[in-house]
Number of protein chains: 2
Amino acid sequence: MAATAPLVLLIEDEPQMRRFLRTTLRAHDYQVVEAASAREGLAQAAGRNPEVILLDLGLPDMDGLEVTREIRRVARTPIIVISARGQGHDKVTALDLGADDYLTKPFGASELLARIRVALRHSAFPPGTAPQPVFQAGELRVDLVRRQVFRADEEAHLTPTEYKLLAALIRHAGRVITHRQLLQEVWGSNYADQSHYLRVYMAQLRHKLERDPTRPRLLTTEPGVGYRLREG
Amino acid sequence: MAATAPLVLLIEDEPQMRRFLRTTLRAHDYQVVEAASAREGLAQAAGRNPEVILLDLGLPDMDGLEVTREIRRVARTPIIVISARGQGHDKVTALDLGADDYLTKPFGASELLARIRVALRHSAFPPGTAPQPVFQAGELRVDLVRRQVFRADEEAHLTPTEYKLLAALIRHAGRVITHRQLLQEVWGSNYADQSHYLRVYMAQLRHKLERDPTRPRLLTTEPGVGYRLREG
DNA sequence: AACAATCCTGATAGAATCTTGATGGCGGCA
DNA sequence: TGCCGCCATCAAGATTCTATCAGGATTGTT
């Protein structure tokens, strides 16, 4: 998919508000289609296939909640509802009808833009297709969701403590982690000065993960400071 | 499908707020895990695999924004940020770091619940990707609709508890499930430390489903952590 | 610059502890 | 009576902890 500017559909009747939104969005490189009524909005939603829909609930020709329902009958384009009536039960109803977010007037441009980015992010990776968070460095591969560790395509079995230690190193991959910090994250703050634990377990990790445990390339020592997991 | 109550992770230090949230969620049939600190929260997020995370930004031990970042390094579980500081730039930052929604205190229970439903809807599988009502792995086949289990085309009879256990394993197929999590899903949260139940029932499942129960290939043990059902 | 004392790190191995799987009995219930 | 869930016990195995030793780097002193 070409990374063109995302298309935003604006369903809003008040000209003033519409101009504010249009200007803000254009300034941030979005393409904008506008609709001043519910009817027109539904037509545009079907015809233009926008990536996000901004929907004002207070439209003259149809209840905004009804618009949400209609859009959801045919598409799951992210809908961000905008409304002045903030207190009512509308908020809950809109969300339950399929809206993805709800902004109460007045709101700042930066918040609106951030919420649009969230919506786009959601449609970028449909949940089923979500890429697995997998850490990889050299011939080490760690699947953090499945809790599986591979060294050159061979699964390596780690004990709970070994895995926790590796996970802590991965969280800070590339950076140095002090003994104290590692101990806190793996054993808890009461063990912050038991640095001999680290020596034993780092040795075990190296034996299981390094090609040559005596000459570590992934799990390196930063003398006097701590350890580091190579990244990339 | 016996839809089990979704698991919500609560990262919130103020006891009062935590109680409000816990009560609200429990009353609406969510399972709740609580963490009173960022450190604990990160551990729970990794360990318990919640379906939604409620994160208070004002934690004592770590900046909430940092917590968001850390969670996103390993998972894309929906995060709903809760915060008192509504005006700042935090809102935008949190959303851009990967949070999915942002609630400013004070907020109503109904709105919170609606936003949680949105988050769950997002992580639900999109239409085309709907999870197969039939699970299959090796010579094991489970028809989740008819509630029938086959091993190499022979139907196997499972007791209710055995089936619930197997269903829980299937829901997380491929991943490790901790003892605690399994116990909660099958027996309820009051039994979270009765891990001997698991040993008995896992043994029974293995006898009924494995070709060689002493050398399990489908229902494997992750020592010190939990169990895993092989997938594919 | 040389030396020694000290600290840091890695290796190893045994003991203590925890975890797991196997088995069988008990009671409730249809 | 037969099935099922619950509970207790035991042995084997795995894991964690602890202690000890040696090589190397660093520091401080002369």
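The coordinates are above.
Residues numbered from 1 in each chain as written. Chains lettered and ligands numbered in written order. Predicted model: local features only at pLDDT ≥ 70, side-chain atom pairs only at ≥ 80, totals over all residues. Heavy atoms only, no water.

Asker: How do you make sense of the protein's contact with DNA strand C when you look at a structure like this?
Answerer: Residues in close proximity to DNA strand C total 19 residues, the closest being Thr221(A), Gly224(A), Tyr227(A), Thr221(B) and Tyr227(B). What you see for DNA strand C is that sugar and phosphate hold 65% of its atoms within 4 Å of the protein. Taking Gly224(A), its main chain carries an N or O atom lying 2.8 Å from a phosphate oxygen of DNA strand C. A distance of 2.4 Å is found between a phosphate oxygen of DNA strand C and a side-chain nitrogen or oxygen belonging to Thr221(B). Mapped by element, the contributors of at least two residues to the surface near DNA strand C are helix H8 (195-209) of chain A together with helix H8 (195-209) of chain B. (Near = heavy atom within 4 Å. Polar contact = N/O pair within 3.5 Å; in protein donor to acceptor, adjacent residues only side chain to side chain. Helix = DSSP H or I, 4+ residues; strand = E, 2+ residues; numbered from the N terminus.)

Asker: I keep staring at the sheet that holds strand S2 (residues 31-35) of chain A and nothing clicks. Help me out?
Answerer: Within a sheet, neighbouring strands are paired by backbone hydrogen bonds and run either parallel or antiparallel to one another. Residue and element names in this part refer to chain A. Read from one edge of the open sheet, 5 strands run S2-S1-S3-S4-S5, paired in parallel fashion. The strands lining the two open edges of the sheet, one partner per strand, are S2 and strand S5 (101-104). Between one strand and the next, the sheet's axes are offset by a mean angle of 20°, whatever the strand orientation. Where strand S4 (residues 79-83) and S5 come together, 4 bridges link them in parallel fashion. Pairing of isoleucine 82 across the sheet is with leucine 103, part of S5. The sheet contacts of helix H2 (residues 38-48) involve strand S1 (7-11), S2 and strand S3 (52-56), and relative to S2 the element is tilted by about 145°. Along the sheet, helix H5 (residues 109-124) contacts S3, S4 and S5; its crossing angle with S3, the most-contacted strand, is approximately 135°. (Pairing = 2+ DSSP bridges. Axes fitted to C-alpha atoms, helices over the stretch in contact; angles between N-to-C directions. Contact = heavy atoms within 4.5 Å.)

Asker: Hey, could you run me through the sheet that holds strand S11 (residues 219-222) of chain A in this one?
Answerer: Residues and elements named next belong to chain A. In spatial order, the strands read S10-S12-S11; together these 3 strands make up an open sheet with antiparallel pairing. With partners counted over all chains shown, the strands left at the sheet margins are strand S10 (176-178) and S11, one partner each. Within the sheet, the average angular offset between the axes of one strand and its neighbour, ignoring direction, is 30°. When S10 meets strand S12 (residues 226-229), the two strands line up antiparallel, connected through 3 bridges. Opposite threonine 178, over in S12, you have glycine 226 as the bridge partner. Across the sheet, helix H7 (residues 179-187) touches S10 and S12, and the angle it forms with S10 is around 75°.

Asker: In this structure, what is going on with the interface of chain A and chain B? I would like to understand it.
Answerer: Interface extent is often summarised as the accessible area lost during association of the parts. With 39 residues of chain A at the interface, the matching set in chain B holds 38 residues. For the pair chain A and chain B, the two sides together bury roughly 3,200 Å², of which 51% comes from carbon and sulfur. Here chain A is connected to chain B by 7 salt bridges. Linking chain A to chain B there are 19 residue pairs in polar contact (both at pLDDT 80 or more). Every element with two or more residues in the side of chain A that touches chain B is listed here: helix H4 (90-97), S5, H5, helix H6 (160-171) and H7 of chain A. (Buried area = accessible area lost by both parts, 1.4 Å probe. Salt bridge = Lys/Arg side-chain N within 4 Å of Asp/Glu carboxyl O.)

Asker: Which parts of the structure should I look at to understand the nonpolar core?
Answerer: Looking at soluble globular proteins, one finds that nonpolar side chains tend to be buried together. By size, the foremost hydrophobic cluster in this structure holds 28 residues, and its most contacted members are Val149(A), Leu169(A) and Leu229(A). Contributions of two or more residues to this core are made by strand S6 (134-137), strand S7 (140-143), H6, H7, H8 and S12 of chain A. No other element matches H6(A), which puts 7 residues into this core. Setting aside chain neighbours within four positions, we find Leu169(A) in contact with Ile177(A), Leu182(A), Met202(A), Leu205(A), Leu219(A), Tyr227(A) and Leu229(A). In this structure, Val186(B), Leu198(B), Leu209(B) and Tyr227(B) belong to the second largest nonpolar core, which totals 27 residues. (Core = buried A, V, L, I, M, F, W, Y, C linked by side-chain atoms within 4.5 Å. Buried < 20%, exposed > 50% of the residue type's maximum accessible area, 1.4 Å probe, protein only.)

Asker: What am I meant to see in H4(A) here?
Answerer: An α-helical turn contains 3.6 residues, so a residue and the one three or four places further along point in the same direction. Of all the residues in H4(A), the buried ones are Asp90(A), Lys91(A), Val92(A), Ala94(A) and Leu95(A). Turning to H4(A), the residues buried within the fold contact helix H3 (64-74), S4 and S5 of chain A together with helix H5 (109-123) of chain B. Looking one or two residues past H4(A), Gly98(A) carries a phi angle of roughly 125°, positive in sign.

Asker: In this structure, what is going on with the packing of helix H3 (residues 64-74) of chain B against helix H4 (residues 90-97) of chain B? I would like to understand it.
Answerer: Two quantities define a packed helix pair, namely the angle between the helix axes and the distance between the axes. Residues and elements named next belong to chain B. Their axes nearest at 9 Å, the elements H3 and H4 cross at an angle of 10°. Between H3 and H4, the interaxial angle falls into the category roughly parallel. Residues Leu65, Thr68, Arg69 and Arg72 of H3 touch H4, and the partners they reach there are Asp90, Thr93, Ala94 and Leu97. In terms of residue class, the contact of H3 with H4 is made up of 3 nonpolar, 2 polar and 3 charged. (Parallel < 35°, antiparallel > 145°, perpendicular 65-115°, else oblique. Nonpolar A, V, L, I, M, F, W, Y, C, P; charged D, E, K, R; others polar.)

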